[in-house]
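Coordinates in review
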Amino acid sequence: MAASESDPPGRLISHFRSRDSKQQSSGWTELWETDQSDLWDRGKPSPALVDFIESDPEVLSNMGSKKRPKALVPGCGKGYDVVALALHGFDSYGLEISDKGAAVARQYAESELAEPSEYNFHDVKTLSTGHVGDVAIIAGDFFQKGWEPLGQTGFDIIYDYTFLCALHPSLRQAWARRMHELLAPNGVLICLEFPLYKTLTLPGPPWGLKGVYWNLLAMGGDGIIDEPSEEEMNNDGLFERVVYFKPRVSYENGKGTDMFSVWSALP
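Residues numbered from 1 in each chain as written. Predicted model: local features only at pLDDT ≥ 70, side-chain atom pairs only at ≥ 80, totals over all residues. Heavy atoms only, no water.

Applying the stated rule across the entire model yields 14 aromatic pairs. Sitting over the ring of Tyr244, Arg241 keeps its end group 3.7 Å from the ring centre. Above the ring of Tyr197, the side-chain terminus of Lys255 is found at 4.2 Å from the ring centroid. (Phe/Tyr/Trp six-rings, centres within 6.5 Å; stacked < 30°, edge-to-face > 60°. Lys NZ or Arg CZ within 6 Å of the ring centre and 35° of its normal.)

Attention now moves to the environment of Trp214. Along the chain, Trp214 turns up in helix H8 (residues 212-218). Accessibility expressed as a relative area gives 14% for Trp214, which makes it buried. Taking the C-alpha atoms as reference points, Trp214 and Glu96, separated by 118 residues in sequence, lie 26 Å from one another. (Helix = DSSP H or I, 4+ residues; strand = E, 2+ residues; numbered from the N terminus. Buried < 20%, exposed > 50% of the residue type's maximum accessible area, 1.4 Å probe, protein only.)

To continue, consider the pattern of salt bridges. In this structure the tally under the stated criterion is 10 salt bridges. Note that Glu148 and Arg178 form a salt bridge whose closest N and O atoms lie 2.7 Å from each other. Taken together, the residues Glu148 in the loop between strand S3 (135-139) and strand S4 (155-160) and Arg178 in helix H7 (residues 172-182) connect sequence positions 30 residues apart. Exposure remark for Arg178: the relative accessible area of 5% places this residue in the buried category. (Salt bridge = Lys/Arg side-chain N within 4 Å of Asp/Glu carboxyl O.)

A word on helix H3 (residues 47-54). Taking burial as the measure, the 8 residues of H3 include 7 buried ones, the bulk of the element. Among all positions of H3, only Pro47, Ala48, Leu49, Val50, Asp51, Phe52 and Ile53 are buried.

Below, the discussion takes up the pairing of strand S7 (residues 259-265). Within S7, 6 of the 7 residues are buried, leaving the element largely enclosed by the surrounding structure. Direction of pairing for strand S5 (residues 183-193) relative to S7: antiparallel, over a ladder of 6 bridges. Note that in S7 the partner of Val188 across the bridge is Ser264. In the sheet, strand S6 (residues 239-245) pairs with S7 via 6 bridges, with the strands oriented antiparallel. The residue bridging Phe245 from the neighbouring strand is Phe260, located in S7. (Pairing = 2+ DSSP bridges.)

Right under this line is the structure:
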């Protein structure tokens, strides 16, 4: 059942209730420092992402000529998706705003790469392929320049699951611009759209996002909408949606409403 206006606020909502857009980074850092990562930790990589990567999708075929395509997971948490991407042959970069969060992710990556868990694979037969990329966990602010690896000309994949829904709505347009800036030519932005069950006018995080990705990426809007509208065909945004489907597997907290979208950057 979706949340209603009368439901009491959760711990995350209460924590951020009095924080404006300029206080978001310190708010997340404080949660890491007080060991409250349980508020968002899922305990494993995204099943939808793993299933998609292993399906050998056509939108990733142009990366086959590269020895190690580059992947970025902003707001990577403990690093589950970063490691899963590395185990599927990507040089993977995780970005966390908190120094402590980054340290936790580095520790997880070291342990998991040494002895990978089966949850990193949809088809466990790929467990011992041997094509493993490198992992780097970076402490930095997504919206600021300077944390990008030296010599990095852009990422082939950027994955967003709970990063956008964690941001104050006033930061959504800047999120879209920064994503466009960070992608390599022919790179793709992959989104597991969540939460889509939550009323858009309810407070967050997580903030409801039904219709927001389309408004932001395809239409070039600011992503601040009261209700989802029909997807207009005019494309004034920075991205074109090239893949869109309901994933076969996803996290239970998505309540069966998660959608998987892949976006290519327009010139």
